[in-house]
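Commentary on secondary and tertiary structure
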Amino acid sequence: MLATIKAIHGCPNNQAKYLLEGYETYLQTDIDGTEKATCWLGQGALYLGLRGSVKENDFTNLLSGKSPVGETLVANFKDRVVTQPDGSQKEYRNTNSYDIPISLEKSFSIFAYTLSDHDRALFNECIKKAAKDVVHILENNLQLGRRGKGGHDKVHAKLVASLFLHLANRSAEPHIHAHLVINNVGLGADGRWSKLDSKAIHQATPMLGRVFRASFAREMIRTFGVELERPIDPHG
């Protein structure tokens, strides 16, 4: 259900348009006329007053290391070229976010298409709650905030995350998948924002997959009373 986490680079405006405008072109319109199938997650998002659906300007600012109103949260949030001791130059690409792709089993896509509009909205909530649990684990079980020279010291951080959900692929075929985007900013208990520890995030991929599967299964059983078979994969 969970693929490899991908570090996202490049122009924040292009990233925002791809995630928001591109997703809306093939979202299911019969879920809810006002539902864009996006939402903010994480204690950092709550701290910044981000609730409900994701707005392009807010998302673009976060991809630039800024708050929704444009205040700088993390400095040096851009690509840079550093001169090495031997005189050569090395380019360091800034990571503005981490994209966690989530893809459900085909049977869930078929199941979703048999539901009424009301029940499909409940189905979406099962996915959102499972994604929320993934973010909760990241915030409370991993020290993702960086401190000290070179970011070698680590602290727990409140995260700013967003979920982009759709029920079909670009060919309009049933294929439930989502992207959980973790912005590369975290708020420590000391009130300071910093970039996140990318190594720890990537190492957590297998664990996050298990968390999502377990949480999604729990919500599906609670909501629809379905019986689920546990899939076997290399990560258990």
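Below, the structure is looked at part by part. Computed from a predicted structure; not experimentally measured.

Examined bridge by bridge, strand β3 (residues 80-83) and strand β4 (residues 89-92) share four bridges and lie antiparallel to one another. Residue pairing for β4: threonine 83 is matched across the bridge by glutamine 89. Hairpin connection between β3 and β4: a loop of five residues separates the two successive antiparallel strands, and glycine 87 in this loop has a positive phi of roughly 95°.

So, on to the pairing of strand β2 (residues 38-41). Going residue by residue along β2, you find Thr38 and Trp40 tucked away on one face and Cys39 and Leu41 tucked away on the opposite face as well. As paired strands, β2 and strand β8 (residues 158-168) are joined by four bridges and run antiparallel to one another. Looking at β8, one finds that tryptophan 40 is bridged to serine 162.

With that out of the way, let us pick up the packing of helix α5 (residues 117-141) against helix α7 (residues 205-224). Here α5 crosses α7 at 145°, and the two axes come no closer than 8 Å. The handedness of the crossing between α5 and α7 comes out as right-handed. Contacts from Asp119, Leu122, Phe123, Cys126, Ile127, Lys129, Ala130, Ala131, Asp133, Val134, Ile137 and Leu138 of α5 reach α7 at Met207, Leu208, Val211, Phe212, Ser215, Phe216, Arg218, Glu219, Met220, Thr223 and Phe224. Grouping the constituent residues of the contact of α5 with α7 by class yields 16 nonpolar, two polar and five charged.

Close approach of charged atoms allows side chains of opposite charge to pair. One pass over the full model with this rule turns up seven salt bridges. With a shortest N-O distance of 2.7 Å, aspartate 133 and arginine 218 are connected by a salt bridge. With aspartate 133 in helix α5 and arginine 218 in helix α7, this pair connects stretches of sequence that are 85 residues apart. Overall, the relative accessible area of 22% leaves aspartate 133 in the partly exposed class. Of the charged contacts in the structure, one is a salt bridge between arginine 147 and aspartate 190, with a shortest N-O distance of 2.8 Å. Of this pair, arginine 147 sits in strand β6 (residues 145-147) while aspartate 190 sits in the loop between β9 (174-187) and β10 (193-194), and the two are 43 residues apart along the sequence. Exposure remark for aspartate 190: the relative accessible area of 47% places this residue in the partly exposed category. Several salt bridges share partner residues, and in doing so they unite Lys129, Asp133, Arg218, Glu219 and Arg222 into one network.

Each value, and the rule that gives it
- Throughout this document, residue positions are counted from 1 along each chain, in the order its sequence is written.
- Note on the predicted model: pLDDT of at least 70 is required for a residue's local features to be given, and 80 or more for side-chain atom pairs to be given and counted; whole-chain, interface and lining totals, by contrast, use all residues.
- Calculation of side-chain values draws on the structure's entire complement of heavy atoms; hydrogens and water are dropped beforehand.
- Following DSSP output, two strands are said to pair if at least two bridges run between them.
- Secondary structure is summarised from DSSP: a helix means a run of H or I of at least four residues, a strand means a run of E of at least two, and numbering begins at the N terminus for each.
- The buried label applies to any residue whose accessible area, calculated with a 1.4 Å probe on protein chains only, is under 20% of its type's maximum; exposed applies above 50%, and partly exposed to all values in between.
- Axis angles are defined between N-to-C directions and span 0 to 180 degrees, where every axis is a line fitted to C-alpha atoms and, for a helix, only to the segment in contact.
- Note on convention: the crossing is left-handed when the near helix lies turned anticlockwise from the far helix by less than a right angle, right-handed when the turn is clockwise.
- Contacts were defined at the residue level, with two residues in contact if any of their heavy atoms lie within 4.5 Å.
- Polar here means any residue outside two lists: the nonpolar Ala, Val, Leu, Ile, Met, Phe, Trp, Tyr, Cys and Pro, and the charged Asp, Glu, Lys and Arg; Gly therefore counts as polar.
- Within this document, salt bridges are pairs made up of a side-chain nitrogen of Lys or Arg and a carboxyl oxygen of Asp or Glu, the two lying within 4 Å of each other.

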